[in-house]
Amino acid sequence: MAAPENPQTSTLRYAFGNVLSIFILLLIGVLAFSIRLFSVIKYESVIHEFDPYFNYRVTQYLIKTGVYDFWNWFDDRTWYPLGRVIGGTVYPGLTLTAGALWKILNSLNIPLSVETVCVFTAPIFSAFASWAAYLLTKEVKGVGAGLTAAALLAMVPSYISRSVAGSYDNEAVAIFALIFTFYLYVKTLNTGSLFYATLNAMAYFYMVCSWGGYTFIINLIPMHVLLCIVTGRYSSRLYIAYAPLVVLGTLLASLVPVVGFNAVMTSEHFASFLVFLVIHVVALVYYVKGILTPQMFKVAVTLIVSVGLIVCVAVLAVLIALVASSPTKGWSGRSLSLLDPTYASKYIPIIASVSEHQPPTWPSYFMDINVLAFLVPAGIIACFSPLSDASSFAVLYIVTSVYFSGVMVRLMLVLAPAACIISGIALSEAFDVLTRSIKYQFHDKTENPQLNSGDTSNNSRTDEVKMEKSEDSLKERSSRKNKKKAKETEKASVISQIEQRLLVLPFEASFIAIFLLILLGAFYVVHSVWAAAEAYSAPSIVLTSRSHDGLHVFDDFREAYGWLRHNTEVDDKVASWWDYGYQTTAMANRTVIVDNNTWNNTHIATVGTAMSSPEKAAWEIFNSLDVKYVLVVFGGLVGYPSDDINKFLWMVRIGGGVFPHIKEPDYLRDGQYRIDSQATPTMLNCLMYKLSYYRFVETDGKGYDRVRHTEIGKKYFKLTHFEEVFTTHHWMVRIYKLKPPRNRIRGKTKKSKTVKSYSKRSGAKKNPWH
Amino acid sequence: MQCDLCILKPHQSHQSQISSSVHYLLVTEIISAADPKMKRFRFDLSLFILLGFCMLFSPAVSSLVISQLDRKIDLSSHIVRSTVSLKVENNGDDSVSEVLLPFTEKQAKSLAFLTASIGEGKGKAKGSFDSVPLKPVNPEGMNPKLTWYSVSLRKELLKGGSITLEVKAVYAQILRPFPEKITQADVQLVSFEESACYLSPYAVNVQLLTVKLPEPKVESYTKLDISKFSGSEIKYGPYENIAPFSSIPITVHYVNNHPFSVARELVREIEISHWGNVQVTESYNLVHAGAEITGEFSRLDYQARPHVRGASAFRNLVAKLPPRAHSIYFRDEIGNISTSNVWSDSTKTLLEIEPRYPMFGGWRSSFTVGYGLPLQDFLFLSEGKRVLDISFGCPMNEVVIENLTVKIVLPEGSNDISASVPFPIEQQSQETKFSHLDMVGRPVVVLEKKNVVPEHNQHFQVSYQFSNLSLLREPIMLVFGFFLFFVACIAYAHADLTISKSSSSYLSKLQWDEVQTAIQQFQNVMNRCLIIHDKLEASLRDLSRTGDLQTCKAARKAADSTLKELSKELKPLLSFLQSSSQATQLLPKVDELVSKEKELQEKLMLKHSTVTDSYEKKSGGREIENRVASIQQKISVLRQEVDDLLEVIDI
């Protein structure tokens, strides 16, 4: 029955299989790219949100001046008067990638603007990421699982949220780098090839260049190595996969200016060095075990253990002393808040004030990974049958990333690829079992209908299965080109051969199960497309609302930035809350006091204090910072909820953290934050309130705030030290200018202060900029 | 702010005409100083005195006399348009072939456009005017502060002959906002300075000046003897017998809320694609050149009463694009600007654009407008050359452009390029632009002009030669590129890129491959053996069910023969494995497998024959089971071992 097939036809069949999977991968890439274009189609080809504007600006600088100037770039447009060393404080991966892309395209005479390249970098890299997911999953569980995982990753909402066209952020390339590094690690683990180990270090380097999340890699891989050692899976392949990565990876990582010596000096990296030590000890032990007799080995073990313990304790003591001497125990704030989720809210209001650093809620899991959440457990089970090095890595990856995503919403992004890979394995295994059962049932029914009863049928079915299997294996064997691929599938097939005796399900059951799985997949697709189209494609600088008379566009932010760009002096300083810092420098090209980099808490606290002080004190703070314009975001007229009044308590908190005269309770009435007539006088007199609601009452006569749903407390007031110079069409951005101090020529008694500030002012006026 | 002054060469032929030297000093006519408000204005006295001074020494008057002069100055927008119709008579003896038009320094600075046309004889019908060439000249002995243009007449003006000349001049940015800074609530006032009598080197018999204002609101104007303000017009004159170079300065200070839209720079790029599209990209650097806004800008006031609080601001601009314009966009460096509207009909496409914010005095903005046009509307074939015929200036209404650069990007491979513009331009050059998939670059004709007003919005022509075959260059290049790529892929897939074919690792790899195939074949054989074993078992079960001894025996026979064949197949494989050095590690396992399989086979045969024997003897089912039980046990153990071994040798 098992007639050996013509080798030629089988070769053709495999070639066809290869072409088919390449074609499917290509389509997956197209899908990953095009599902992220909703933002361009629905809105426009524009950079989104806040951080991407900074990255965009850095890329422009890079392209304009070249790489060397980029490394040495001291940016005097931000953090006035401190400035910021950009070259040494950014992860350059994204910028260099987009810059290189632009250079290549332009050298091919394809004249794309920098903006276009930046906008489409993220979709391109998400296509790459899904291909990398295919490679990784293929190493773990074979081609089928790989393709499924790639398809899932191409449209996982969590990843879409960070990589729609225009979302030009580090994560866009970092997720690709992360998955690709993991793939190379697993590949090295499977092959034991030094070539892949070196590539792995390079991929790790790229990841270090791209995102601070590289510490996840440098902690996860040691964990896996340790797991392998503990479970007795040590092999030379493991050594080759790990040791070069640590050595080369650390060397390369310290080449990135923003990491530098942190690569050997901070606690985030210590785990890798510890495991590096452990793996060498284990390697030594295995070697010694090989050359010694069992008795001798026992003696040696006792000797080494006693000496080793003493050394270890000593080293540990030194390490602990070193680490303990630094205030944060050598951990950065964000990493600490990973280990202790309550850390940030207790100590660092700036980290806590960012919504993406909050722990996620259950609905956000459903929103971000949807049905994958249900498939993951099945996938984990599939990974355990049988447990290989690679599949244990996958399990470890998902378990750790689930933990991290539970701490910070932002890290949902790390969970997403893991969930896709595991779910891909689950789906592919399930389809495998179900389709096979259907196939053999079908064979049974058509070929031996008379035997279809009792255990005979069962037996013959098994025969059939085996026949098919051997046929399969024959085909696989005969194709020499696919040896490597065949190896894995063959392994799986031998195992499934045993399993198949158990896993043949009734025809109807498997048919329904397949139907349900397809339905599940369809739900996932529908949800992902919805998420891509509706939830995650808004660029946040352009808002739209649909009313009965059609689409209404709120383009106030760019209106204000455009106005600043064209109608103020080049060197004017603009103060605003730090959220708008990056956008102001990038779109308005004006110097800002603080921006989204938040590296200097005191400086931010100064701005926070100014915003929460009364007008005169605020004017003095701003004047001392050489500020000429103050920009506030106000949503009360159109009901835009994330405006400065809603963020105001954070300004008070951060300001109060440094300047104790700002006290949060002063702004709260009975612990409640309010701006109506019940609000405290401190609140009603602070600069933020005044700048937001200046002449607001004249719009409708009552001063009804559409965000807070209340009438404002203090309705009629005048500004003495600021004057309104620009307010956008929907009042969402209001820009005020600091008035020059009043020219008071009076008796000599009061001269000291005013004259001093005036002379300062006039000195500034003589500045050669004008 | 310069007008067309590039070729000022001395002009000799004037000396003959400018003969005698009759002078009139005009000091008495300086300022009657009627209105006290007028003192606010600073008159350009120095120029005025200088004018009179120079007249003393210049041989200014020729035989020409202007018998009637009618001047209309239109101040209704921020562009000043003056139309002068002169009736010129030749009272001298010689015939005259040209008429001189002088402009003061200030006028010359902002003179943007100048045409002259001649009506024959006394014909006043407008249709009979045809335009005559004008050229800048520099007559000797004249005041160097004046700029001269000469109108060359087609027919020489004979003695006693007369001609009607109509001169149209357009001045950009000659209005001065006064006060220079206003608040949001103020109206914009501008002042305009002129002379009540026409500056001319010839004596004028009768002249009349009419100044047209945008609205009947005037802050102040110079009141002369014969002046009249009615409606929105101010009339000066008629004045009679005015000497050459006379000047009576007047100032009109009036309300002008017209948008003072000035483009500091405009770059128009017109890119021709022979695939059927003309892509026009215009980047503006716009400013409101009126009175600057000072103090607060309150959106509240502006929104509540836009025509009172923000009268001088302009909200939008209207561009009149050619018909069938498509793919229109409007954006700036930070993205799309969503406030624009398009209306189109068969004769034009109206595009209304609104900058991001209302433009108050002194506010600047920059943006880009782009649109595509159908190629067949603008490109024509004439005398073997292709001619592009498209408008020169900007399509916006009433915009003054300080520096206009028009770039015409021709398709790659065009040659023999020439451009012709109906009016003088500052500079014409050529450059190369690299765009999609270019090899040598596209030739770009660059035309630069300063002080451009809507009157310059005339068609100009660029002719070039282009062969249709060049059109296929890029597609062919792409096809070839992809072809090469695929060929390279095929070559890579078929080529063995091993560096050293004799190295030991390469050889051992080859050997290892052979061993692997051998092992695979071996496994196949083993699997088939196992399948036959299963079949035998199955036949036994059938026997127990049906009692059909014959089929069972037949199955046995078939199995025997296949197993023999298989063992034959196995032999060469085993001998190869034994001989191969690479297989030494695997060999013991393989041998073990073979022996185990043999044993299994024997046991199975034994079982089979025992069962069939028992059936032949018609023993009871239980008896058979008892007899077979021990063998069955061994068989299952062996089977397990064989399966395990098969898994082990799997590489």
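Everything numeric here is computed off the predicted structure, so don't read it as measured data.

Caption draft 1: Main features of the overall build of chain B. What chain B contains, in helices and strands, is 9 helices and 33 strands. Taking all 651 residues of chain B together, 48% fall into the buried category. Taking as baseline every contact in chain B between residues at least 6 positions apart, the subset at least 24 positions apart corresponds to 78%. When the accessible area of chain B is evaluated, it comes to approximately 31,100 Å², of which 55% is carbon and sulfur surface.

Caption draft 2: A look at the pairing of strand E9 (residues 162-172) of chain B. Residue and element names in this part refer to chain B. Most of E9 is tucked away: 9 of the 11 residues are buried. Here strand E3 (residues 79-90) pairs with E9 via 11 bridges, running antiparallel. Looking across to E9, one finds that Ser85 is bridged to Glu166.

Caption draft 3: Highlighting the packing of helix H7 (residues 114-141) of chain A against helix H10 (residues 170-191) of chain A. All names here are of chain A. The contact between H7 and H10 brings their axes to 8 Å, and the two run at 20 degrees. The orientation of H7 with respect to H10, classified from their angle, is roughly parallel. Crossing handedness for the pair H7 and H10: left-handed. On H10, the residues touching Thr121, Ala122, Phe125, Phe128, Ala129, Ala132, Ala133, Leu135, Leu136 and Glu139 of H7 are Ala172, Val173, Phe176, Ile179, Phe180, Phe182, Tyr183, Val186, Lys187 and Asn190.

Caption draft 4: View of the pattern of salt bridges. Scanning the model with the defined rule gives 51 salt bridges over all chains in all. A salt bridge links Lys217 of chain B to Glu215 of chain B; its shortest N-O distance comes to 3.8 Å. Under the relative-accessibility criterion, Lys217 of chain B is labelled partly exposed at 47%. Several salt bridges share partner residues, and in doing so they unite Glu44, Asp555 and Arg558 of chain A together with Asp332 and Arg356 of chain B into one network.

Caption draft 5: Broad picture of the side chain of Thr188 of chain A. Residue and element names in this part refer to chain A. By secondary structure assignment, the location of Thr188 is in helix H10. Here Thr188 falls in the buried class, since its relative accessible area comes to 0%. Dropping the residues within four chain positions of it, Thr188 is found in contact with Ser193, Tyr196, Ala197, Asn200, Arg237, Ile240 and Ala241.

Caption draft 6: Layout of the state of the cysteines. All names here are of chain B. Under the criterion given, the structure shown has 0 disulfides over all chains. The thiol sulfur of Cys552 is not disulfide-bonded, and the nearest other cysteine sulfur, from Cys529, lies at 19 Å. Note on Cys552: relative accessible area 1%, which makes it buried.

Caption draft 7: Spatial organisation of a nonpolar patch on the surface. All names here are of chain A. A contiguous nonpolar surface patch, about 460 Å² in accessible area, is contributed by Leu303, Ile304, Val307, Val311 and Val315. Note that Val315 resides in helix H16 (residues 294-325). By relative accessible area, Val315 is classed as partly exposed at 44%.

Caption draft 8: Looking closely at unusual backbone geometry. Residue Pro81 of chain A is bonded to the preceding Tyr80 of chain A through a cis peptide linkage, with omega at 0 degrees. Checked against the element boundaries, Pro81 of chain A lands in the loop between strand E1 (74-75) and strand E2 (84-85). Residues Phe178 of chain B and Pro179 of chain B are joined by a peptide bond in cis, for which omega reads 5 degrees. Examined against the element boundaries, Pro179 of chain B turns out to sit in the loop between strand E10 (176-177) and strand E11 (181-182).

Caption draft 9: Structural view of the confidence of the model for chain B. Residues and elements named next belong to chain B. On average, residues of chain B score 80 in pLDDT, and 88% of them reach the 70 mark or higher. Scored below 50 in pLDDT, residues 1-61 shows 112 contacts in the model against residues more than four places distant or in partner chains. As a predicted assembly, this complex carries a pTM of 0.79 together with an ipTM value of 0.77.

Caption draft 10: Here's a closer look at the packing of aromatic side chains. All names here are of chain A. Tallied over the full model, the rule gives 57 aromatic pairs over all chains. A ring pair is formed by Phe634 and Phe696, whose centres lie 5.1 Å apart and whose planes are at 80 degrees; its orientation type is edge-to-face. Residue Phe634 is found in the loop between strand E7 (629-633) and helix H31 (644-658), and its partner Phe696 is found in the loop between helix H33 (687-693) and helix H34 (697-700); the two are separated by 62 residues along the sequence. Taking the relative accessible area as the measure of exposure, Phe634 reaches 0% and is therefore buried.

Caption draft 11: Expanded view of the sheet that holds strand E21 (residues 317-321) of chain B. All names here are of chain B. Overall, antiparallel pairing links the 3 strands, which are arranged E21-E25-E24 in an open sheet. Every other strand in the sheet has two partners, leaving E21 and strand E24 (340-344) as the edge strands with one partner each. Each adjacent strand pair in this sheet contributes to an overall mean axis angle of 20 degrees, direction not counted. Pairing of E21 with strand E25 (residues 349-353) involves 5 bridges; the strand directions are antiparallel. For Lys320, the partnering residue across the bridge sits in E25 and is Leu350.

Caption draft 12: Molecular detail of the nonpolar core. Core analysis: the biggest nonpolar cluster contains 188 residues, and Phe182 and Ile735 of chain A together with Ile408 of chain B have the highest contact counts within it. A per-element tally of this core places helix H23 (residues 412-447) of chain A first, with 14 residues. Sequence-distant contacts of Ile735 of chain A, defined by excluding residues within four places in its chain, comprise Ala560, Trp563, Leu564, Tyr629, Val630, Leu631, Glu723, Glu724, Val725 and Phe726 of chain A. Counting 58 residues, the second-largest nonpolar core is a separate cluster that includes Ile73, Leu100, Phe103 and Ile118 of chain B.

Caption draft 13: Molecular detail of the packing of helix H11 (residues 194-210) of chain A against helix H13 (residues 236-253) of chain A. All names here are of chain A. For the pair H11 and H13, the least separation of the axes is 8 Å and the interaxial angle reads 35 degrees. Here H11 runs over H13; the crossing is right-handed. In this structure, H11 uses Leu194, Ala197, Thr198, Asn200, Ala201, Met202, Tyr204, Phe205 and Val208 to contact H13, whose residues at the interface are Ile240, Ala241, Pro244, Leu245, Leu248, Gly249, Thr250, Leu252 and Ala253. A breakdown of the residues in the contact of H11 with H13 according to their chemical character gives 14 nonpolar, 4 polar and no charged.

Caption draft 14: View of the environment of Lys573 of chain A. Residue and element names in this part refer to chain A. Relative to the assigned elements, Lys573 resides in strand E5 (residues 573-575). Using a relative accessible area of 5% as the deciding quantity, one classes Lys573 as buried. Sequence separation between Lys573 and Phe297 is 276 residues, and the spatial gap between their C-alpha atoms is 73 Å. A polar contact is formed between the side chain of Lys573 and the backbone oxygen of Asp571, at a distance of 2.9 Å.

Caption draft 15: Broad picture of the sheet that holds strand E27 (residues 379-382) of chain B. All names here are of chain B. If you walk across this open sheet you meet the 4 strands as E27-E28-E33-E30, and the pairing is antiparallel. Every interior strand has two partners, whereas the edge strands, E27 and strand E30 (415-420), have only one. Averaged over all pairs of adjacent strands, the angle between their axes in this sheet comes to 25 degrees, without regard to strand direction. Pairing geometry for E27 and strand E28 (residues 385-391), over 4 bridges, is antiparallel. In the sheet register, Phe380 faces E28, and the bridge partner there is Val387.

Caption draft 16: Highlighting the pairing of strand E18 (residues 261-273) of chain B. Residue and element names in this part refer to chain B. Pairing geometry for E18 and strand E19 (residues 277-288), over 12 bridges, is antiparallel. By the bridge assignment, Leu266 is partnered in E19 with Tyr284. Once E18 ends, the chain turns through 3 residues before running back antiparallel as E19, passing Gly276 with a positive phi of about 120 degrees.

Caption draft 17: The confidence of the model for chain A, seen in detail. All names here are of chain A. With 84% of its residues at a pLDDT of at least 70, chain A reaches an overall mean of 82. Low pLDDT (under 50) marks residues 1-5, which in the prediction has 9 contacts with non-local residues, meaning those over four places away or in another chain. Here residues 748-770 is modelled with pLDDT under 50, and outside its nearest four sequence neighbours on either side it reaches 12 contacts, counting other chains as well.

Conventions used here
Residues numbered from 1 in each chain as written. Chains lettered and ligands numbered in written order. Predicted model: local features only at pLDDT ≥ 70, side-chain atom pairs only at ≥ 80, totals over all residues. Heavy atoms only, no water. Helix = DSSP H or I, 4+ residues; strand = E, 2+ residues; numbered from the N terminus. Buried < 20%, exposed > 50% of the residue type's maximum accessible area, 1.4 Å probe, protein only. Contact = heavy atoms within 4.5 Å. Areas by Shrake-Rupley, 256 points an atom, 1.4 Å probe, with all protein chains shown as cover. Pairing = 2+ DSSP bridges. Axes fitted to C-alpha atoms, helices over the stretch in contact; angles between N-to-C directions. Parallel < 35°, antiparallel > 145°, perpendicular 65-115°, else oblique. Left-handed = near helix turned anticlockwise from the far one by under 90°. Salt bridge = Lys/Arg side-chain N within 4 Å of Asp/Glu carboxyl O. Disulfide = S-S within 2.5 Å. Patch = residues over 30% accessible without salt bridge, like charges linked within 9 Å, V, L, I, M, F, W, Y side chains within 5 Å. pLDDT = per-residue confidence, 0-100. Phe/Tyr/Trp six-rings, centres within 6.5 Å; stacked < 30°, edge-to-face > 60°. Core = buried A, V, L, I, M, F, W, Y, C linked by side-chain atoms within 4.5 Å. Nonpolar A, V, L, I, M, F, W, Y, C, P; charged D, E, K, R; others polar. Polar contact = N/O pair within 3.5 Å; in protein donor to acceptor, adjacent residues only side chain to side chain.

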